[in-house]
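Here is what each chain is made of, one letter per residue.
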Amino acid sequence: LLVTLVRPVPAQSPARICIGPTSVETAVSNAVAASAVRETFGSFLTGPGLSTTPLESRLVSQARVEARTAGCGYLLLTTIKHERRSSGGGLLGRITGAAVQQTASSVGTSVRSTTGRIVANAAGSAATAAVSDYASGTRSQDALSLTTRLERADGTVVLEKRDQRKAKSDGEDLLTPLVQQHAEQVAVVVTRNP
């Protein structure tokens, strides 16, 4: 009789990403836009291999210092530019939230532990509210561009990405699809190089 002893593999701690200040140029509220970006990235970058820490510093130079102090291996810096393309009238629509809610709840179901699901669902709910507030100011033909810069703790840039979307209707959520694309690439870079 041959018995093989299997030692459990120690759990690897998740890669920590500090979320720095968002540079905002928008026709809508800057504070609402910055909050929506932060909350949405936080909801997507949560899982068994990733954790996020939102930073308080509003200056990029201070955010870098704060990220090192917090022990984050990565610093995520973002810029959004929301351009009003149409001055035409029409009713300002409100986002239904269904797509955002579905995305937020899918974040919660991808996490295995009960604690992880609670944290992910809370992050998803905050992101849903922030995105809904932001999207309510979007008008048809508006354009939103998102630039993401991911740096290692030593300042080395490991990812820089820029994308843009144009609204087809009032109240359209332009932010969530852009953040989801960028967060996916951030997650790939971070999990491959913890």
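Residues numbered from 1 in each chain as written. Predicted model: local features only at pLDDT ≥ 70, side-chain atom pairs only at ≥ 80, totals over all residues. Heavy atoms only, no water.

Pairing between sheet strands relies on hydrogen bonds along the backbone, with the strands arranged either parallel or antiparallel. Read from one edge to the other, the open sheet built from five strands follows the order E2-E1-E3-E4-E5, with strand pairing classed as mixed. Pairing within the sheet leaves two strands with one partner each, and these edge strands are strand E2 (50-54) and strand E5 (157-166). For this sheet, the mean inter-axis angle between neighbouring strands, taken without regard to orientation, is 25 degrees. In the sheet, strand E4 (residues 143-152) pairs with E5 via nine bridges, with the strands oriented antiparallel. (Pairing = 2+ DSSP bridges. Helix = DSSP H or I, 4+ residues; strand = E, 2+ residues; numbered from the N terminus. Axes fitted to C-alpha atoms, helices over the stretch in contact; angles between N-to-C directions.)

Of all hydrophobic cores here, the largest spans 29 residues; its most connected members are Ile17, Phe41, Leu45, Leu76, Leu150, Val186 and Val190. When residues of this core are traced back to their parent elements, those giving at least two are strand E1 (15-26), helix H1 (30-44), strand E3 (74-83), E4 and helix H5 (175-192). With eight residues, H5 is the single largest residue contributor to this core. Setting aside chain neighbours within four positions, we find Phe41 in contact with Ile19, Leu76, Thr78, Leu146, Thr148, Val179, His182 and Ala183. Judged by nonpolar contacts, the second largest core, of seven residues, contains Cys18, Leu55, Leu75 and Leu77. (Core = buried A, V, L, I, M, F, W, Y, C linked by side-chain atoms within 4.5 Å. Buried < 20%, exposed > 50% of the residue type's maximum accessible area, 1.4 Å probe, protein only. Contact = heavy atoms within 4.5 Å.)

Turning to the state of the cysteines, a few remarks are in order. Under the defined criterion, the tally for this structure stands at one disulfide. There is a disulfide in this structure between Cys18 and Cys72, and the S-S distance comes to 2.0 Å. Since a negative S-S torsion denotes a left-handed disulfide, the Cys18-Cys72 link at about 65 degrees is right-handed. Of the two residues, Cys18 sits in strand E1 while Cys72 sits in the loop between helix H2 (60-70) and E3, which places them 54 residues apart along the sequence. Neither residue differs from the other here; Cys18 and Cys72 are each classed as buried. (Disulfide = S-S within 2.5 Å.)

Here E1 lies mainly inside the structure; nine of its twelve residues are buried. Bridging between E1 and E2 involves five bridges; their strand directions are parallel. Residue pairing in the sheet places Cys18 in a bridge with Thr53 of E2. Here E1 pairs with E3 via eight bridges, running parallel. From the neighbouring strand, Ser23 faces E3, where its bridge partner is Thr79.

Here we come to the environment of Gly71. Structurally, the position occupied by Gly71 is in the loop between H2 and E3. Taking the C-alpha atoms as reference, Gly71 lies 9.3 Å from Ile17; in sequence the two are 54 residues apart.

What follows concerns the pattern of salt bridges. Think of it this way: side chains of opposite charge can pair up when their charged atoms draw near. Throughout the structure, instances matching the rule amount to six salt bridges. Taking the shortest distance from any N to any O, the salt bridge between Glu160 and Arg149 comes out at 3.6 Å. One end of the pair, Glu160, is in strand E5; the other, Arg149, is in strand E4, and eleven residues separate them in sequence. Taking the shortest distance from any N to any O, the salt bridge between Asp163 and Lys161 comes out at 2.9 Å. In this structure, a network of salt bridges that share partners links the residues Arg64, Arg149, Glu151 and Glu160. (Salt bridge = Lys/Arg side-chain N within 4 Å of Asp/Glu carboxyl O.)

For Gln141, which is not a glycine, the phi torsion comes out positive at approximately 80 degrees. Among the secondary structure elements, Gln141 is positioned in the loop between helix H4 (114-135) and E4.

A separate point is the environment of Arg68. Tracing the backbone through its elements, the reader meets Arg68 in helix H2. Spatially, the C-alpha atom of Arg68 lies 6.2 Å from that of Ala153, the residues being 85 residues apart in sequence.

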